[in-house]
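Here is how the chains run, residue by residue.
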Amino acid sequence: MSAAANDGDRVSMRARLLTPRTAVVVGVLELLALIAGFTFGGQVGGQLSFSGDVAGGVAVLSFVGVGTVVALRRPDIAMGWIMLAVSGFIALSALGVGYSVFAYRLHHGKVPLGVLGLLFEPLWLPSFVMLMLAVVLFPDGRPPSSRWRWPLRIFGAAAVAWLFATVALVVHVVIAGTVKVESGGDLYQFDHPNGGWTVVGLLTGLVVVFFAVGFVAWLVSQRWQYRRLEGERRVQQKWIISGAVVAGLAMATNLLPYPFSSADNRLTISDRKSVV
C-alpha cells in the first residue's frame, strides 16, 4: 500500500473519531469526572481549597466550554481537542485526588480500583503540557515558526519520560502494598521522594521549568506581534494574551501546597491488603 493511501486512511479514521458528537461526549465525561472527584473528596469532610479545588474547577469549566465549542464547529483542527485535553487532565486529576482520599484515607484501601485514583491524581502535570501546546499552537494547531518545533519536542519527551516513570512507580507501590496517601490526595512518595521517586521529582521540576520558560517566551513573542497589530485583530490578540495569562496562573496554583495539609492531618495510610 502506498504512503499516500496510508495517509488517506489515517485522515479518514481521524475524521470518523473526531466528530462534533465526540466533542460533546468528551466534554460531558470531563464534567462528570470533576463532579465525582469533588463528591468523593467530600466524603471525608474535607474543605474546598483555592489551589486544589476552586481554581481547578474554574479551569475545567473554562477549557471544556471553549474546547467543546471549537471542536463542535471545527472538528478538523487540533485546537479544540487540545483544549479538551487540558480540561480532561485537570478533571481526571481532581477525580484522582478525591478517590485516593476516599479509597485509602477513609476506607483504608478496602474499596476497588484505588490504583486508578493514584494514577489519575498526578495528571495535573500533563495538563501543563497541553496548555503549553494550546497557547503556542493557537489558533490553527501549528507552531508560529519552525523555531518552536525542537523546544516542543524536548518538552514532550520530558513529559513522556515522566509519565512512564510515574506509572511504573505507582504500580510498584500498589503491588508492594506500601500505599501512603496524604490528606491532599498525593502519594507520600511524591512529596517525600527517595530512590526512583527522585527521578520523578526531577522530571516534574524539568517539565514545570520548561513550561514556565516556554510560556514567558510565548508572551514576549506575542507582545512584539501585538505592537504591530491594529483594529479588531489587536483587540483579539489582547484577549488571547489575557486569557492565556489567567489560565496559566490558574494552572500554576496546582503547585501551591494544600492549606489544610498540616502536621496534624497529614497522617498517611498504608495497607498491605488494599484492593487493587
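Attention here is on the structure that accompanies the text.

### A few points about the nonpolar core
Next, step 1: Core analysis: the largest hydrophobic core is formed by 54 residues, its most contacted members being Leu-118, Val-135, Val-136 and Val-179.
Next, step 2: Of all the secondary structure elements, the ones that give two or more residues to this core are helix H2 (20-42), helix H3 (50-73), helix H4 (79-106), helix H5 (114-120), helix H6 (124-136), helix H7 (149-176), helix H9 (196-228) and helix H10 (231-252).
Next, step 3: Residue contributions to this core peak at twelve residues, all from H4.
Next, step 4: In this structure, Ala-23, Val-64, Ala-71 and Trp-81 belong to the second largest nonpolar core, which totals five residues.

### Quick look at the packing of H2 against H4
Next, step 1: Interaxial distance between H2 and H4 falls to 7 Å at its minimum, and their mutual angle equals 25 degrees. The orientation of H2 relative to H4 falls into the category roughly parallel. Of the two possible hands of crossing, H2 and H4 adopt the one that is left-handed. The residues of H4 that touch H2, namely those facing Thr-22, Ala-23, Val-26, Gly-27, Glu-30, Ala-33, Leu-34, Ala-36, Gly-37, Phe-40 and Gly-41, are Trp-81, Leu-84, Ser-87, Gly-88, Ala-91, Ala-94, Leu-95, Gly-98, Tyr-99 and Phe-102.

### A look at a positive patch on the surface
Next, step 1: Taken together, the side chains of Arg-223, Arg-227, Arg-234 and Lys-238 make up a positively charged region of the molecular surface.
Next, step 2: At the level of elements, H9 and H10 are the ones that each hand at least two residues to the positive patch.
Next, step 3: Tracing the sequence through the fold places Lys-238 in helix H10.

Cut-offs and rules
- Residues numbered from 1 in each chain as written.
- Predicted model: local features only at pLDDT ≥ 70, side-chain atom pairs only at ≥ 80, totals over all residues.
- Heavy atoms only, no water.
- Core = buried A, V, L, I, M, F, W, Y, C linked by side-chain atoms within 4.5 Å.
- Buried < 20%, exposed > 50% of the residue type's maximum accessible area, 1.4 Å probe, protein only.
- Helix = DSSP H or I, 4+ residues; strand = E, 2+ residues; numbered from the N terminus.
- Axes fitted to C-alpha atoms, helices over the stretch in contact; angles between N-to-C directions.
- Parallel < 35°, antiparallel > 145°, perpendicular 65-115°, else oblique.
- Left-handed = near helix turned anticlockwise from the far one by under 90°.
- Contact = heavy atoms within 4.5 Å.
- Patch = residues over 30% accessible without salt bridge, like charges linked within 9 Å, V, L, I, M, F, W, Y side chains within 5 Å.
- Areas by Shrake-Rupley, 256 points an atom, 1.4 Å probe, with all protein chains shown as cover.
- Salt bridge = Lys/Arg side-chain N within 4 Å of Asp/Glu carboxyl O.
- Lys, Arg positive; Asp, Glu negative; His and termini not counted.
- Charge placed at Lys NZ, Arg CZ, Asp CG, Glu CD.

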